[in-house]
Amino acid sequence: MSTILITGGTGTFGRDLTALLQPTARTLRIMSRKPAPPDLPANIEWAVANLATGTGIDDAVRGADIIINAASDSGGNTHQADVVGLQSLLNAAQSHKISHFLHISIVGIDQMPFGYYRHKLDAEAVVSASVLPYSIARITQFHSLVLNILEPSLKIPGAPLRIPTDIQFQSIDSREAAAQTLTYLHTPANGRLPDIGGPEVLMLGEMAQTLLDARGDSRPIEHTLTPDPKVFWPSPEAIEAYRRGLNTTPDHCCGSITWRDFVT
Ligand SMILES: NC(=O)c1ccc[n+]([C@@H]2O[C@H](COP(=O)([O-])OP(=O)(O)OC[C@H]3O[C@@H](n4cnc5c(N)ncnc54)[C@H](OP(=O)(O)O)[C@@H]3O)[C@@H](O)[C@H]2O)c1
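Quick caveat: nothing in here was measured; it's all calculated off a predicted structure.

## Focus: the overall build of the chain
- Of regular secondary structure, the chain possesses nine helices and 11 strands.
- The C-alpha atoms of the chain give 19 Å as radius of gyration, which agrees with the globular expectation for 264 residues (18 Å, within 12%).
- Sorting the 264 residues of the chain into buried and exposed places 39% on the buried side.
- Across the chain, contacts joining residues at least 24 apart in sequence account for 79% of those joining residues at least 6 apart.

## Things to note about the environment of G56
- Relative to the assigned elements, G56 resides in the loop between β3 (44-48) and α2 (57-61).
- Counting along the chain gives 104 residues from G56 to P160, while the straight-line C-alpha distance between them is 48 Å.

## Remarks on the sheet that holds strand β6 (residues 134-139)
- Reading across from one edge, β3-β2-β1-β4-β5-β6-β9 is the order of the seven strands in this open sheet, with parallel pairing throughout. Each edge of the open sheet carries a strand with a single partner, namely β3 and β9 (191-192).
- Summarising the sheet, strand β5 (residues 100-106) and β6 pair through six bridges and their orientation is parallel. Counterpart to I104 in the pairing with β6 is A137.
- Where helix α1 (residues 12-21) meets the sheet, its contacts fall on β1 (3-7), β2 (27-32), β4 (66-69) and β5, and the angle it forms with β1 comes to roughly 160 degrees.

## Quick look at the packing of helix α3 (residues 78-95) against helix α4 (residues 115-128)
- The interhelical angle for the contact between α3 and α4, taken along N-to-C directions, is 10 degrees, at an axis separation of 9 Å. As summarised for this structure, α3 and α4 are arranged roughly parallel, according to the angle between their axes. Along its contact with α3, which presents T78, H79, D82, V83, L86, Q87 and L90, the element α4 presents Y116, H119, K120, D122, A123, V126 and V127.
- Here the contact of α3 with α4 is composed, by residue class, of seven nonpolar, four polar and three charged.

## Looking at the nonpolar core
- Ranked by size, the top nonpolar core spans 64 residues in total, and within it I6 and I67 carry the most contacts.
- Among the elements that make up this core, the one with the highest residue count is α3 (six residues).
- Two domains share this core, each providing at least three of its residues, namely domain 1 (3-139 + 174-192) and domain 2 (146-167 + 200-263).
- Discounting chain neighbours no more than four positions away, the residues touching I6 are G14, L17, T18, L28, I30, M31, I68 and A70.

## Some remarks on the site of the ligand
- Contacts to the ligand come from 26 residues, most closely from G8, G11, F13, S32 and R33.
- At the level of secondary structure, the elements contributing two or more residues to the shell around the ligand comprise α1 and β5.
- With three residues, α1 is the single largest residue contributor to the shell around the ligand.

## A closer look at the packing of α1 against helix α6 (residues 174-182)
- Running from amino to carboxyl end, α1 crosses α6 at an angle of 60 degrees, the nearest separation of the two axes being 9 Å. As the angle between them shows, α1 and α6 are arranged oblique. For α1 against α6, the interelement crossing comes out right-handed. For the pair formed by α1 and α6, the contact residues are T12, F13, D16, L17, L20 and L21 on the first element and S174, R175, A177, A178, A179 and L182 on the second.
- Of the residues that constitute the contact of α1 with α6, the class distribution is eight nonpolar, two polar and two charged.

## What to know about the environment of R260
- Turning to its location among the elements, R260 is positioned in helix α9 (residues 259-263).
- A count of 15 C-beta atoms within 10 Å places R260 in the partly exposed class.
- Considered as a pair, R260 and A214 are 46 residues apart in the sequence and their alpha carbons are 8.2 Å apart.

## Points about the domain arrangement of the chain
- Taken domain by domain, the chain holds domain 1 (3-139 + 174-192) and domain 2 (146-167 + 200-263).
- Relative to domain 2, the C-alpha centre of domain 1 lies at a distance of 28 Å.

## With respect to unusual backbone geometry
- Notably, K97 is not glycine yet its phi reads approximately 55 degrees, a positive angle.
- Examined against the element boundaries, K97 turns out to sit in the loop between α3 and β5.
- Take K97: there are 9 C-beta atoms within 10 Å of it, and that puts it in the exposed class.
- Despite not being glycine, N190 shows a phi value in the positive range, around 50 degrees.
- Position of N190 relative to the elements: it lies in the loop between α6 and β9.

How each quantity is defined
- Here the residue numbers are simple positions, counted from 1 along each chain's written sequence.
- Per-residue local features of the predicted model are confined to residues with pLDDT of at least 70, and side-chain atom pairs are confined, for both listing and counting, to 80 or more; whole-chain, interface and lining totals are unaffected and use all residues.
- A run of DSSP states H or I qualifies as a helix once it reaches four residues; a run of E qualifies as a strand once it reaches two. Both are numbered from the N-terminal end.
- We compute the radius of gyration from the C-alpha atoms alone; for a globule the expected value is 2.2 Å times N to the 0.38, where N is the number of residues.
- Exposure classification rests on a simple neighbour count of other C-beta atoms within 10 Å of a residue's own: a residue reaching 20 or more is buried, one at 12 or fewer is exposed, and one in between is partly exposed. C-beta atoms are placed from the backbone.
- By the convention adopted here, residues are in contact when the distance between their C-beta atoms, placed from the backbone, does not exceed 7 Å.
- Strand pairing is assigned whenever DSSP identifies at least 2 bridges connecting the two strands.
- Fitting a line to C-alpha atoms yields each axis, with helices limited to the stretch in contact; the angle taken between N-to-C directions then spans 0 to 180 degrees.
- When an angle is under 35 degrees it counts as roughly parallel; over 145 it counts as roughly antiparallel; between 65 and 115 it counts as roughly perpendicular; any other value is oblique.
- Note on residue categories: nonpolar means Ala, Val, Leu, Ile, Met, Phe, Trp, Tyr, Cys or Pro, charged means Asp, Glu, Lys or Arg, and polar means any other residue, Gly included.
- By convention the nonpolar core is taken to be a set of buried residues drawn from Ala, Val, Leu, Ile, Met, Phe, Trp, Tyr and Cys and joined through C-beta atoms within 7 Å.
- For the domain bounds, the source is a domain assignment made automatically or taken from a database.
- Defining nearness, a residue is near a molecule or strand when the C-beta atom obtained from its backbone falls within 6 Å of it.
- Working rule for handedness: look at the near helix, and if it is turned counterclockwise from the far one by less than a right angle, call the crossing left-handed; if clockwise, right-handed.

See the structure below:
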């Protein structure tokens, strides 16, 4: 029976992968920097490892057949975790003869001037240079990420929602993205898989209005290029790339859970 290691198994996407795979008879192993929770199900193994420091990686990989790499440190240590640590993970995968290294990436990273995305692109290059059977799955933003972008600006009751209304997203429900990704689990592409995009391309202004309507919130939405400084927004150049929809993949619409479904 094969053992599937999910790095980032505690994250948004990794939790969805785990939930989808767990009912099958496979053994799953979650890699995390944190200790195992006390209520770990019987068919889930836990490996404490840190991609940024390299600790625990070899033990995490030993005995696994497939690795889904859904770990990413978007919070500042990205190069060390996502690129340097990834190389260590691939080295361990090679020495333990992994049959498929399935790497999770993001649509449009080769065209968008965004620091995190540059590291994600470097990570793809590291994976592509590996001699392992591998696949790279590029996915558009999750619905939950767009919600996280909008939520902080809604904290002050009644205050106008000031956002760049004309930037585009083709967001996807992370569970549907996980289900699509898993269709490739046993078939390494040795390259990029078809992009995985959400069911529709929408402007952020439309998305915000749908969210406000769903919550019965009548505050106005104001277009701005200088959004709330308390909320993380990328540089003006990156915002322009989102405006041009370089983060979308309209020819690869997947899933049926729309933004409206997600927020209502
Ligand atoms: N969020 C999106 O909208 C989106 C869209 C498309 C693609 N993606 C990609 O999908 C993947 C998963 O994203 P996500 O949103 O699920 O991420 P997330 O919720 O932020 O979770 C990140 C995961 O990475 C792990 N991690 C971070 N630093 C680590 C380190 N130094 N060593 C080991 N593990 C580390 C964390 O584990 P612990 O904290 O337990 O150690 C956590 O499980 C990423 O590759 C991301 O680029 C995300």
